[in-house]
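# Chains, contacts and geometry: an overview
Below, each chain spelled out in residue letters.
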Amino acid sequence: MTSPDALVPRLPSPLQDVRDDRFERHGLRLSLKRDDLIHPHLIGNKWRKLVPNIEAARGRPLVTFGGAYSNHLRATAAAGRLLGLATTGVVRGAELAGRPLNPSLARCAADGMRLHFIDRSTYRRKTEPETLAAILRAAGAEEAYVVPEGGSNGAAVHGCRALGEELRGHADVVAVACGTGGTLAGLAAGLTAGQRALGVPVLRGGFLERGIQALQERAFGGRTGAWSLDERFHFGGYARTTPELHAFAEDFEDRHGLPVERLYVAKLLYGLVVLADEGAFPRGTTIAAVVTGRPFPAG
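Note that the coordinates shown come from a computational prediction; the quantities given were computed from them, not determined experimentally. (Residues numbered from 1 in each chain as written. Predicted model: local features only at pLDDT ≥ 70, side-chain atom pairs only at ≥ 80, totals over all residues. Heavy atoms only, no water.)

## Concerning the overall build of the chain
Of the regular secondary structure elements, the chain holds eleven helices and ten strands. In terms of overall size, the chain behaves like a compact globule, its C-alpha atoms giving a radius of gyration of 19 Å where 299 residues would be expected to give roughly 19 Å. C-alpha atoms of the chain, sized along the principal axes, occupy 55 × 40 × 35 Å. Classification of the 299 residues of the chain by burial places 53% in the buried group. (Helix = DSSP H or I, 4+ residues; strand = E, 2+ residues; numbered from the N terminus. Rg over C-alpha atoms; globule rule 2.2 N^0.38 Å. Buried < 20%, exposed > 50% of the residue type's maximum accessible area, 1.4 Å probe, protein only.)

## Considerations on the nonpolar core
Among the nonpolar cores identified, the biggest contains 34 residues, and F23, L32, L269, L272 and F281 are the most heavily contacted of them. When residues of this core are traced back to their parent elements, those giving at least two are strand 2 (29-33), strand 7 (173-178), strand 8 (196-201), helix 10 (243-256), helix 11 (265-277) and strand 10 (286-290). With nine residues, the single largest contributor to this core is helix 11. Discounting residues that sit within four places of it in the chain, L269 has contacts with L32, F248, F252, V260 and A289. (Core = buried A, V, L, I, M, F, W, Y, C linked by side-chain atoms within 4.5 Å. Contact = heavy atoms within 4.5 Å.)

## Some points on empty space enclosed by the protein
A full pass over the atoms with the stated rule returns one cavity of 30 Å³ or more. What the largest cavity holds in volume is close to 40 Å³. Surrounding the largest cavity, G179, P201, L203, R204, G205, G206, F207, L208 and E231 form its lining. Among the residues forming the lining of the largest cavity, the class breakdown is four nonpolar, three polar and two charged. (1 Å grid on protein atoms, 1.4 Å probe; cavity = no way out; pocket = protein on both sides within 12 Å on 5 of 7 lines; lining within 4 Å. Points joined across faces, edges and corners; volume = space filled by probe spheres on them. Nonpolar A, V, L, I, M, F, W, Y, C, P; charged D, E, K, R; others polar.)

## Points about unusual backbone geometry
Between L11 and the following residue, P12, the backbone shows a cis peptide bond with an omega angle of -5°. Structurally, the position occupied by P12 is in the segment before strand 1 (15-18). Of note, R58 is a non-glycine position whose phi angle comes to about 55°, a positive value. Summarising the element assignment, R58 is placed in the loop between helix 2 (45-57) and strand 3 (62-66). One non-glycine residue, F235, lies in positive phi territory at about 55°.

## What to know about the sheet that holds strand 2
Strand order in the open sheet made by the six strands is 1-2-10-7-8-9, with mixed pairing throughout. Taken across any chain shown, the strands that pair with only one partner, and hence form the sheet edges, are strand 1 and strand 9 (227-229). Averaged over neighbouring strand pairs, the angle between their axes works out to 25° when direction is ignored. In the sheet, strand 1 pairs with strand 2 via four bridges, with the strands oriented antiparallel. Across the sheet, residue L15 finds its bridge partner in strand 2, namely K33. In this fold helix 9 (residues 208-220) packs onto strand 7, strand 8 and strand 9, with an angle of close to 155° to the strand it touches most, strand 9. (Pairing = 2+ DSSP bridges. Axes fitted to C-alpha atoms, helices over the stretch in contact; angles between N-to-C directions.)

## Regarding the side chain of S70
Position of S70 relative to the elements: it lies in the loop between strand 3 and helix 3 (71-83). A relative accessible area of 7% means that S70 is categorised as buried. Here the side chain of S70 touches H72 through a polar contact of 3.1 Å, landing on its backbone nitrogen. Those residues in contact with S70 that lie beyond four places of it in its chain are S104 and Y238. (Polar contact = N/O pair within 3.5 Å; in protein donor to acceptor, adjacent residues only side chain to side chain.)

Any functional reading would require information that these geometric values do not contain.
The following block contains the structure:
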């Protein structure tokens, strides 16, 4: 195995103040928690969630799950390349098997990940023990360490607790975009009294609160920290965007010189602007927005 020094991060990640009149006119201060700068290949919360799982795997091959544009699959593949670990990615959508790989999956394959495509119905049942066992057999990954979709499990939640700890004393509200919820579960636990975490889900469905509570129960024994979700800013669901969202992201990039990732970060920042206009935050509030990724392909 390659030295684990290949995964050495930049921690704590930088906290960058930004001047933005859309917040300042409401008496609010915005800062960006630049988790996108933690590591060049395991971006943001992917490093925080994956490294504890890699340590738990103890050198075993890794198998994990994701959609065709999954940041988590790319991060797992990159970690495998850097550490000399075999990786298998179980991809949602059997119909994709006969098509050319999109740039995201092509990057996974280039980093040495074996891709195994399954139908969407089976994918939805992947946490059922019998279904999971069948998937692992079919993928030739029966001896692999299983990392769940998005990397969110008890180990990952403990890893993300450090994100909250890094922000103690620096913000009243810490906001993060949510896919599977592991980052928010750990972040909220790491904050101190008087701080709260706000999650902006990027998927439709309204199921995430139960999932985050279950992750906290698994990691900490119960619901921990002050946290809430605002479900309004998914823009149609995961990997869905609109011209309005792209225009917003381009404007933010022009204002602040920060490349804005569209599937998570843009939705988070858009939601914060709307909430500021709605008066959701008292004057004098400091908001830290966690930048969990950067655009792919990265320039």
